[in-house]
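Below are the chains, spelled out letter by letter.
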Amino acid sequence: MSMEQKQSAAKGQPKFLLEQAGRVLWGWLRAPHRWAAFWAALLGGFACHMYVFTNMLPNHDWQHNFYATQNWISSGRWFLQYACEPSSFAILPWLTGVLSVVLLAGTAVLTVDVLDLHRPMLAGAAALMMVCFPAVGSTCTYIYTMDGYMLALFLSALAVWCMERWPKKVLGCIPAALCMGFSMGIYQAYGAVMLMLFCFMLVLKMLRRLPPLKEMFLYAVRMAATAAGGFAVYYLMLQVVMRLTGVELGGYQGIDNLGSGLSLSPQGLMTLVQMVLNAAYHGYKFLTADLPALGGVATAGKLVWLLYGCAALLWCVLAVARRQWKRWWAIPAQLVLFCLVPVGVNYVQIISPEVSFHLVMHYAAVLVFVLSLCLTQEVMEEESLWMGLRQAASVVVPVACVVLAFLWAVMTNRGYTNMQYQYEETYADLVRLADRIEQCEGYTPDMKLWLSDNEWPVTEDRTLGDLTGLSGMGGMKLFDWLHYRNDFMYLFGLKFEQCSQEEYRAIRETQEFQEMPNWPATGSVKVINGVMVVKTDHEHVED
């Protein structure tokens, strides 16, 4: 059949919606910069995180999530349970990992698209940084929720994409707000990604063509409406879900004070200003102190500062080359947006003032390095600049980004190895303890257990290398009763109940307990008053 006959036959065929949507998506994804971002994220994600996807690496929360619904409405995460449901409530590292990397790749594609990072090499470098950033590794340590968290990250980027690319610009705020609301309903911290992208999109829009003030103002208003709409969707849905389930917000991470500083009264506004300044201070501290120090890798810290410096220099060059001073408001507006970056990185501290930050919450910081690649692209395409400068920028920034991504991957895998080591050490300790308990005279399967100190004693530092700032990579530890109870139950099928305060206080006063040696000496496991007692520390006895 000739080509003309095939085309004629195709015209007579019915058009199916799913096939058409697939063709449109495939065609859109095949644009060189999106294609480069997708494959760099996919391959880089698997290369960096394959170890955790193909091993069971418990962390300190694993015991509480062995087969959990992830129903965390009490923490304000009303959609997390449903986001994690496709991979079931079991811990399935490989399946969860595959879903997560695909979602990360989608996030990278949307990010380079809204920032118009259209050079494939630079788009690929940006995607590589986004999947190797240590915050992703820290999220992987919570593998039982990772697919849900990566969906939240994807929805945050999708919200920005809808606002920017929707055919009718104003109407795009509606799906954008919905995406943002559901993203926060999974994990509130990823709202920072949307806020940071908005800041950088405003800066790049001014640098690229310096539009009139009215156009920029309306553009910023659309962004503000999207952000406000997203928070409104999140908060209203949270109230509805709490009303339907009867669950109230708990005290974890100060979430019960959600929005406590948001008020239009004079006192409320003063409180809000203080919270913004506090968030800015801690965000600045993370970007300038904590981020360069991650993993204790000095070379990575130097590259972080190199990219900060390159971004600042390239912005100054572009501001001069593109005569930003012609509109009096352009340079001050861009400087204000840069000052908002630390607030964006730490924004969750505004909605929950008592939050205790860890690395998972700071994923949005990687966008600072993506911005450096966007500025590099602008310098490469600015024909009025000296070619030597354009060539230098085209080499130094992407190479520094790729090398930094590699170093991040190294420190992340060092953390994964530490988790493996910690698991094997802790498992060995538990095997010894379980064996001693079962062999103890007077043991019965239904008896109560008391460990005199829940913090399991170790004779040496078991951490492999410097894990500074790498949250969650400390591995499987034993530091409260629930850890012991769940580990004994899930790993060995032993079911113990904790004795009451009255029981262990009575035991503590007995001469028999006082004369017991400390673990692991013979006699450190004994039945006293019908309770299995393990004396783990003679100096610190839990009250």
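No experiment lies behind these values; they were computed from the predicted model shown.

### So, the overall build of the chain
Alright, step 1. In terms of regular secondary structure, the chain is built from 21 helices and four strands.
Alright, step 2. For the chain, the C-alpha atoms occupy an extent of roughly 85 × 65 × 50 Å along the three principal directions.
Alright, step 3. Relative to its 543 residues, the chain shows a buried fraction of 52%.
Alright, step 4. Of the contacts formed within the chain by residues at least 6 apart in sequence, a portion of 79% connects residues at least 24 apart.
Alright, step 5. For the chain, the exposed area adds up to about 24600 Å²; of that, 63% sits on carbon and sulfur atoms.
Alright, step 6. Both charge centroids of the chain, one from 36 positive and one from 41 negative side chains, sit 19 Å from each other.

### Looking at the packing of aromatic side chains
In this description, an aromatic ring pair is defined by two values, namely the gap between the centres and the angle between the planes.
Alright, step 1. Under the definition given, this model contains 27 aromatic pairs.
Alright, step 2. Measuring from ring centre to ring centre gives 6.4 Å for F46 and F53, while their planes differ by 80 degrees; the resulting arrangement is edge-to-face. Here F46 and F53 have matching classes, each one buried.
Alright, step 3. Across from the ring centre of Y219, 4.6 Å away, lies the NZ or CZ of K205, which sits over that ring.

### Quick word on a nonpolar patch on the surface
Alright, step 1. A cluster of nonpolar side chains, L306, V395, V396, V399 and V403, forms an exposed patch at the surface whose accessible area comes to about 370 Å².
Alright, step 2. The dominant element in the nonpolar patch, judged by the number of residues it contributes, is helix α18 (residues 387–439), at four residues.
Alright, step 3. Mapped onto the secondary structure, V399 falls in helix α18.

### Concerning the pattern of salt bridges
Alright, step 1. Enumeration over the complete set of coordinates arrives at 12 salt bridges.
Alright, step 2. For R209, the salt bridge is made with E215, and the minimal N-O distance between the two is 2.0 Å.

### Focus on the pairing of strand β1 (residues 448–451)
Alright, step 1. With two bridges joining them, β1 and strand β2 (residues 497–498) adopt parallel strand pairing. Residue K448 lies in a different strand from β2, and its bridge partner there is E497.
Alright, step 2. Here β1 runs beside strand β4 (residues 531–534); their pairing, made up of four bridges, is parallel. Note that in β4 the partner of W450 across the bridge is V533.

### Overview of the nonpolar core
Alright, step 1. Y190, M201, Y363 and F488 are the most contacted members of the largest nonpolar core, which has 164 residues in total.
Alright, step 2. At 17 residues, the largest contribution of residues to this core is made by α18.
Alright, step 3. Within the second largest apolar cluster, nine residues are counted, among which are W450, M516, V531 and V533.

### Remarks on the sheet that holds β1
Alright, step 1. On the basis of which strands lie adjacent, the open sheet formed by four strands has the order β2-β1-β4-β3 and mixed pairing. Each edge of the sheet is formed by a strand with only one pairing partner; in this case those strands are β2 and β3 (525–528).
Alright, step 2. Of the strands in this sheet, β1, β3 and β4 are in contact with α18, which crosses β4 at around 140 degrees.

### Concerning unusual backbone geometry
Alright, step 1. Here W519 and P520 are connected by a cis peptide whose omega angle stands at 10 degrees.
Alright, step 2. Looking at where P520 falls in the secondary structure, it is placed in the loop between α21 (511–514) and β3.
Alright, step 3. Although it is not a glycine, L210 adopts a positive phi angle of roughly 45 degrees.
Alright, step 4. Relative to the elements of secondary structure, L210 occurs in the loop between α10 (191–209) and α11 (213–245).
Alright, step 5. Notably, R323 is not glycine yet its phi reads approximately 50 degrees, a positive angle.
Alright, step 6. Residue R323 is classed as partly exposed on the basis of its relative accessible area of 46%.

### Examining the packing of helix α6 (residues 120–132) against α18
Alright, step 1. Here α6 crosses α18 at 25 degrees, and the two axes come no closer than 9 Å. Taken as axis vectors, α6 and α18 run roughly parallel relative to one another. The chirality of how α6 crosses α18 is left-handed. Judged by residue contacts, M121, L122, A125, L128, M129 and C132 of α6 engage S394, P398, C401, V402, L404, A405, W408, A409 and T412 from α18.
Alright, step 2. Here the residues of the contact of α6 with α18 are counted per class, giving 13 nonpolar, two polar and no charged.

### Digging into the side chain of D147
Alright, step 1. The topology assignment puts D147 in helix α8 (residues 143–165).
Alright, step 2. Here D147 is buried and forms no salt bridge, its nearest opposite-charge partner R77 lying at an N-O distance of 12 Å.
Alright, step 3. Looking at D147, its side chain comes within polar contact range of the side chain of S87, at 2.5 Å.
Alright, step 4. Every residue in contact with D147, bar those within four places of it in the chain, is listed here: A83, C84, S87, T96, L99, S100 and L103.

### Digging into the pairing of β4
Alright, step 1. Neither face of β4 is exposed, since V531 and V533 on one face and M532 and V534 on the opposite face are all buried.
Alright, step 2. Pairing analysis gives four bridges linking β3 to β4, with the strands arranged antiparallel. The residue bridging V525 from the neighbouring strand is V534, located in β4.
Alright, step 3. In textbook terms, the turn of a hairpin is the stretch between consecutive antiparallel strands, and for β3 and β4 this stretch comprises two residues, one of which, N529, has a positive phi near 55 degrees.

Rules used in this analysis
- Residues numbered from 1 in each chain as written.
- Predicted model: local features only at pLDDT ≥ 70, side-chain atom pairs only at ≥ 80, totals over all residues.
- Heavy atoms only, no water.
- Helix = DSSP H or I, 4+ residues; strand = E, 2+ residues; numbered from the N terminus.
- Buried < 20%, exposed > 50% of the residue type's maximum accessible area, 1.4 Å probe, protein only.
- Contact = heavy atoms within 4.5 Å.
- Areas by Shrake-Rupley, 256 points an atom, 1.4 Å probe, with all protein chains shown as cover.
- Lys, Arg positive; Asp, Glu negative; His and termini not counted.
- Charge placed at Lys NZ, Arg CZ, Asp CG, Glu CD.
- Phe/Tyr/Trp six-rings, centres within 6.5 Å; stacked < 30°, edge-to-face > 60°.
- Lys NZ or Arg CZ within 6 Å of the ring centre and 35° of its normal.
- Patch = residues over 30% accessible without salt bridge, like charges linked within 9 Å, V, L, I, M, F, W, Y side chains within 5 Å.
- Salt bridge = Lys/Arg side-chain N within 4 Å of Asp/Glu carboxyl O.
- Pairing = 2+ DSSP bridges.
- Core = buried A, V, L, I, M, F, W, Y, C linked by side-chain atoms within 4.5 Å.
- Axes fitted to C-alpha atoms, helices over the stretch in contact; angles between N-to-C directions.
- Parallel < 35°, antiparallel > 145°, perpendicular 65-115°, else oblique.
- Left-handed = near helix turned anticlockwise from the far one by under 90°.
- Nonpolar A, V, L, I, M, F, W, Y, C, P; charged D, E, K, R; others polar.
- Polar contact = N/O pair within 3.5 Å; in protein donor to acceptor, adjacent residues only side chain to side chain.

Function-wise, these values are silent; they only describe arrangement.
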